[in-house]
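# Working through the structure, step by step
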Amino acid sequence: GQQVMQIPQYQHVQEGEDFTTYCNSSTTLSNIQWYKQRPGGHPVFLIQLVKSGEVKKQKRLTFQFGEAKKNSSLHITATQTTDVGTYFCAGRVWTGKLIFGQGTTLQVKP
Amino acid sequence: EAGVAQSPRYKIIEKRQSVAFWCNPISGHATLYWYQQILGQGPKLLIQFQNNGVVDDSQLPKDRFSAERLKGVDSTLKIQPAKLEDSAVYLCASSLEGVRARDTQYFGPGTRLTVL
């Protein structure tokens, strides 16, 4: 079936270091969304990428959508303790369904 | 703007018991989703409603799970009887239209279910 894989599963960084999580789909996606879930919280929408090769920035966060629309990445520059949480990608397949990756849990050491 | 409301926030039951969760989506949102999130995993779609009709329930274990959205607004998700592996957070989400490719989903706080 359709799958969205995300790596790494966990990442521990020192505050100020950079962080990247990667998302890969088994099928071509219509678009991809990224969510952040704080510990004990619910997923909160961050951004949506639609076009092949699209790059979007939100302050220290950079999101990329691959040329083949099958992979994506989220890069955080100079992490802060407020960045702690689990980051999920969610790919939208041709049926309209969103398929979530397993998430990458980020821990930031002050 | 009020967000997606869910209740209860926590529920502990014994296996083979029944449980029901309630969701009130954002006002005006036509599409409502129920997700199951097992610890350490991403949310998995159980069922999607467009107004009061079911759009996708392919991953809903229909022998024990049921959901309804009778008036196209609130929704309930029921598990009867519960199994140990149903322990998870049940998330409700809503979106303005849902069938459009660019729709954003807004999640509620979730109900954490523990089955003993």
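Here's a quick rundown of the structure.

Rules used throughout
- Residues numbered from 1 in each chain as written.
- Chains lettered and ligands numbered in written order.
- Predicted model: local features only at pLDDT ≥ 70, side-chain atom pairs only at ≥ 80, totals over all residues.
- Heavy atoms only, no water.
- Disulfide = S-S within 2.5 Å.
- Helix = DSSP H or I, 4+ residues; strand = E, 2+ residues; numbered from the N terminus.
- Core = buried A, V, L, I, M, F, W, Y, C linked by side-chain atoms within 4.5 Å.
- Buried < 20%, exposed > 50% of the residue type's maximum accessible area, 1.4 Å probe, protein only.
- Contact = heavy atoms within 4.5 Å.
- Polar contact = N/O pair within 3.5 Å; in protein donor to acceptor, adjacent residues only side chain to side chain.
- 1 Å grid on protein atoms, 1.4 Å probe; cavity = no way out; pocket = protein on both sides within 12 Å on 5 of 7 lines; lining within 4 Å.
- Points joined across faces, edges and corners; volume = space filled by probe spheres on them.
- Nonpolar A, V, L, I, M, F, W, Y, C, P; charged D, E, K, R; others polar.
- Buried area = accessible area lost by both parts, 1.4 Å probe.
- Salt bridge = Lys/Arg side-chain N within 4 Å of Asp/Glu carboxyl O.
- Pairing = 2+ DSSP bridges.
- Axes fitted to C-alpha atoms, helices over the stretch in contact; angles between N-to-C directions.

## Brief notes about the state of the cysteines
All names here are of chain B. Enumeration over the complete set of coordinates arrives at two disulfides over all chains. What pairs with Cys 23 in a disulfide is Cys 92, and their sulfur atoms sit 1.9 Å apart. Its torsion about the S-S bond being -70 degrees, the disulfide of Cys 23 and Cys 92 is classed as left-handed. Remark: Cys 92 occurs in strand β9 (residues 88-95) and Cys 23 occurs in strand β3 (residues 19-24); sequence separation between them is 69 residues.

## Quick look at the nonpolar core
Of all hydrophobic cores here, the largest spans 22 residues; its most connected members are Ile 32, Trp 34 and Phe 63 of chain A. Looking at this core, the elements that each hand over two or more residues are β3 (19-25), β4 (31-37), β5 (44-49), β7 (61-65), β8 (71-76), β9 (85-92) and β11 (104-109) of chain A. Residues within four places of Ile 32 of chain A in sequence aside, it is in contact with Cys 23, Ile 47, Gln 48, Leu 49, Phe 65, Ser 72, Cys 89, Ala 90 and Gly 91 of chain A. With 21 residues, the next largest nonpolar core counts Ile 26, Trp 34, Leu 46 and Tyr 90 of chain B among its residues.

## Quick look at the side chain of Thr 20 of chain A
Residues and elements named next belong to chain A. Along the chain, the position of Thr 20 falls in strand β3. A distance of 2.7 Å separates polar atoms of two side chains, one belonging to Thr 20 and the other to His 75. Setting aside its immediate chain neighbours within four residues, Thr 20 contacts Pro 8, Ser 73, Leu 74 and His 75.

## A few points about the layout of surface pockets
A volume near 580 Å³ is recorded for the largest pocket. Lining the largest pocket are 28 residues; nearest its centre among them are Gln 37 of chain A together with Gln 37, Leu 39, Gly 40 and Arg 112 of chain B. At three residues, strand β11 (residues 111-115) of chain B tops the list of elements feeding residues into the lining of the largest pocket. Residue classes in the lining of the largest pocket are distributed as ten nonpolar, 15 polar and three charged. Its boundaries defined by the atoms lining it, the second largest pocket holds a volume of some 390 Å³. Taken together, 20 residues line the second largest pocket, and the ones lying closest to its centre are Ile 99 and Phe 100 of chain A together with Gly 42, Pro 43 and Lys 44 of chain B. The leading source of residues in the lining of the second largest pocket is strand β10 (residues 98-100) of chain A, at three residues.

## What to know about the interface of chain B and chain A
Of the residues lining the interface, 21 residues belong to chain B; the matching set on chain A comes to 17 residues. In total, chain B and chain A occlude about 1,500 Å² of area from one another, counting both sides; carbon and sulfur atoms represent 50% of this. Scanning the region where chain B abuts chain A turns up one salt bridge. Residues Lys 97 of chain A and Asp 56 of chain B are paired through a salt bridge, measuring 3.4 Å at the closest nitrogen-oxygen approach. The tally of links from chain B across to chain A stands at four residue pairs in polar contact (both at pLDDT 80 or more). Classifying every residue of the side of chain B that touches chain A by side-chain character gives seven nonpolar, ten polar and four charged.

## Comments concerning the sheet that holds strand β6 (residues 55-58) of chain A
Backbone hydrogen bonds hold the strands of a sheet together, and the pairing may be parallel or antiparallel. Residues and elements named next belong to chain A. Taken together, five strands build an open sheet; the order of strands is β1-β3-β8-β7-β6 and the sheet is antiparallel. The sheet is open, and its two edges are formed by β1 (4-7) and β6, each paired on a single side. Direction aside, the axes of adjacent strands within the sheet are offset by 15 degrees on average. Strand direction decides the pairing type here: β3 and β8, joined by six bridges, are antiparallel. Bridged to Phe 19 within β8 is Ile 76.

Treat this as a map of the structure, not an account of what it does.
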